[in-house]
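Structure assessment
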Amino acid sequence: MTGVQTCALPISKAIFYFRSSLEVKGEKVMILPEVLYKLGFSYSQQSNTLEALKALESLLQEFPRAVESQKASFLVANINYGLGNAYLAADFYRRITDFFPEGTIAPFAQYRLAVIHFKNQRYSEASLEFNQFIISYPRHELIDKVRFSLAFSHYLAKESKVALAAFSDFIKNTPANHLTLEAQYLLSLEAENSGNLNQALEYLKNIEEVYPQNPYKFEIKMSLADFQIDNSLLILSEFSKEEYHSEAANVFRENSQVIVDSLRPFSEMLKVTIDQLRKKHLKKLQMLVIDFSFDDKLLSEPE
């Protein structure tokens, strides 16, 4: 395939060159899809989205099955996504997965389809798209991130049983990495939300053992301390309700309420701090899911 190496030209000159190849006076010329794509790409690099869309949509209309149509659809989708037209972008991502399911761009388009729903808090729809990715591209480089995102979508949708099973399966079948660490962390939150504090405690202890260099040491230690204080408060509260034969025990029983009263304010302060840390943590994980930096290379011109 012949092509112009635009990297050696300023974008404005590249656009002029490509346009001139389309505008031959008095002659009927064959408009090559490669030229239309390069023209659209060059306009997009200059942030001229209107002209970029004109060139790319002309390509898609005239050459819907051309090789360049995959990248053209992806670029049109990305431009619309950047303009806030998420569901119009989804139509073009879907075009890629429907027309070119075996192409190299299709898995990335499928991922972005899922993320559009995820970002708009449509977690059930996101789960379906992530699951479709796993079915269609089980050996793709993104598979670990997709399987984690699927479990995380179930967690955010408050589908407790499904989320627990998905995270457990992910940890079991994935070598230890930063995503399995996050999965363990979310398992502890899900167990706590379900009222299974002992199981939550075990997950946190496991994180400390398996991931000694984890970046959430402070948060985890605070959570462990919170669990221990809650257990102590529970035991002390129960202790104060009974009479004992031992004089020392009865003296302690009489003072246990004082201990409980002194611990509660600290416990409440601890819970507020932990809650703030968790909200930041969950926000960070959501940003991890919607990060698209890995597919920037797909936007380059065809060779």
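**Overview of the overall build of the chain**
- When helices and strands are counted, the chain shows 13 helices and zero strands.
- Taken from the N to the C terminus, the helices and strands of the chain come in the order α-α-α-α-α-α-α-α-α-α-α-α-α.
- Each of the 303 residues in the chain was classed as buried or not, and the buried ones make up 46%.
- Put simply, 57% of the contacts in the chain that link residues at least 6 apart link residues at least 24 apart.
- About 16600 Å² of surface is accessible on the chain, with carbon and sulfur atoms providing 56% of the total.

**Some points on unusual backbone geometry**
- Even without glycine at this site, Gln121 takes up a positive phi of about 60 degrees.
- Looking at the secondary structure, you find Gln121 in the loop between helix H6 (106-119) and helix H7 (123-136).
- Unusually for a residue other than glycine, Lys158 sits at a positive phi of about 60 degrees.
- For Lys158, the position within the fold is in the loop between helix H8 (143-156) and helix H9 (160-172).
- Relative accessible area serves as the criterion here: at 75%, Lys158 is assigned to the exposed category.

**Quick word on the nonpolar core**
- Counting residues in each nonpolar core, the largest one holds 76 residues, and the members touching the most others are Phe130, Phe152, Phe167 and Leu186.
- Beyond its immediate chain neighbours, meaning those up to four positions away, Phe130 contacts Tyr111, Ala114, Val115, Phe118, Val146, Ser149, Leu150, Ser153 and Val289.
- In terms of nonpolar packing, the next biggest core, distinct from the first, is built from seven residues, Met222, Leu233, Val260 and Leu270 among them.

**Structural notes on the confidence of the model for the chain**
- Considering every residue of the chain, the mean pLDDT works out to 84; 81% of them sit at 70 or more.
- Within the chain, no element has a lower average pLDDT than helix H1 (residues 11-22), which sits at 62, and none a higher one than H7, at 97.
- Considering only residues more than four positions removed or in separate chains, one finds that residues 1-9, a stretch of pLDDT under 50, has 13 contacts.
- In this model, residues 25-29 is a region of pLDDT below 50 whose contacts with residues beyond four sequence positions or in other chains number two contacts.

**Considering helix H4 (residues 68-82)**
- The end-to-end C-alpha distance of H4, which contains 15 residues, comes to 21 Å, matching closely the 21 Å that a straight helix rising 1.5 Å per residue would cover.
- Phi for Gly84, located one or two positions after H4, is positive at around 90 degrees.

**Observations regarding the packing of aromatic side chains**
- Under the defined criterion, the tally for this structure stands at twelve aromatic pairs.
- Aromatic pair Phe152 and Tyr155: ring centres 6.2 Å apart, planes at 25 degrees, arrangement stacked. Placement of the pair is Phe152 and Tyr155 together in helix H8, with a separation of three residues, close to one helical turn.
- Accessibility expressed as a relative area gives 0% for Phe152, which makes it buried.

**Focus on the pattern of salt bridges**
- For the coordinates displayed, the defined rule picks out nine salt bridges.
- As a salt-bridge pair, Arg278 and Glu192 come within 2.8 Å of each other at their nearest N and O atoms. Linking Arg278 in helix H13 (residues 247-290) with Glu192 in helix H10 (residues 178-193), this pair joins segments that are 86 residues apart in sequence.
- One continuous salt-bridge network, built from bridges that share partners, spans Asp226, Asp230 and Lys271.

**With respect to H7**
- Here H7 is 14 residues long and its end C-alpha atoms lie 20 Å apart, about the 20 Å a rise of 1.5 Å per residue gives.
- Within the sequence span of H7, burial applies to Tyr123, Ala126, Ser127, Glu129, Phe130 and Phe133.

**Let's talk about the environment of Thr273**
- Here Thr273 is to be found in helix H13.
- Here the side chain of Thr273 touches Met269 through a polar contact of 3.1 Å, landing on its backbone oxygen.

**A look at the packing of H4 against H6**
- Interhelical geometry of H4 versus H6 gives an angle of 20 degrees and a closest axis separation of 12 Å. Comparing the axis directions of H4 and H6 gives the class roughly parallel. Two packed elements cross with a definite hand, and for H4 against H6 that hand is left-handed. Counting all contacts with H4, which are made through Phe74, Asn78 and Tyr81, the residues of H6 involved are Phe108, Ala109, Arg112, Ile116 and Lys119.

What counts and what doesn't
Residues numbered from 1 in each chain as written. Predicted model: local features only at pLDDT ≥ 70, side-chain atom pairs only at ≥ 80, totals over all residues. Heavy atoms only, no water. Helix = DSSP H or I, 4+ residues; strand = E, 2+ residues; numbered from the N terminus. Buried < 20%, exposed > 50% of the residue type's maximum accessible area, 1.4 Å probe, protein only. Contact = heavy atoms within 4.5 Å. Areas by Shrake-Rupley, 256 points an atom, 1.4 Å probe, with all protein chains shown as cover. Core = buried A, V, L, I, M, F, W, Y, C linked by side-chain atoms within 4.5 Å. pLDDT = per-residue confidence, 0-100. Expected span 1.5 Å × (residues − 1). Phe/Tyr/Trp six-rings, centres within 6.5 Å; stacked < 30°, edge-to-face > 60°. Salt bridge = Lys/Arg side-chain N within 4 Å of Asp/Glu carboxyl O. Polar contact = N/O pair within 3.5 Å; in protein donor to acceptor, adjacent residues only side chain to side chain. Axes fitted to C-alpha atoms, helices over the stretch in contact; angles between N-to-C directions. Parallel < 35°, antiparallel > 145°, perpendicular 65-115°, else oblique. Left-handed = near helix turned anticlockwise from the far one by under 90°.

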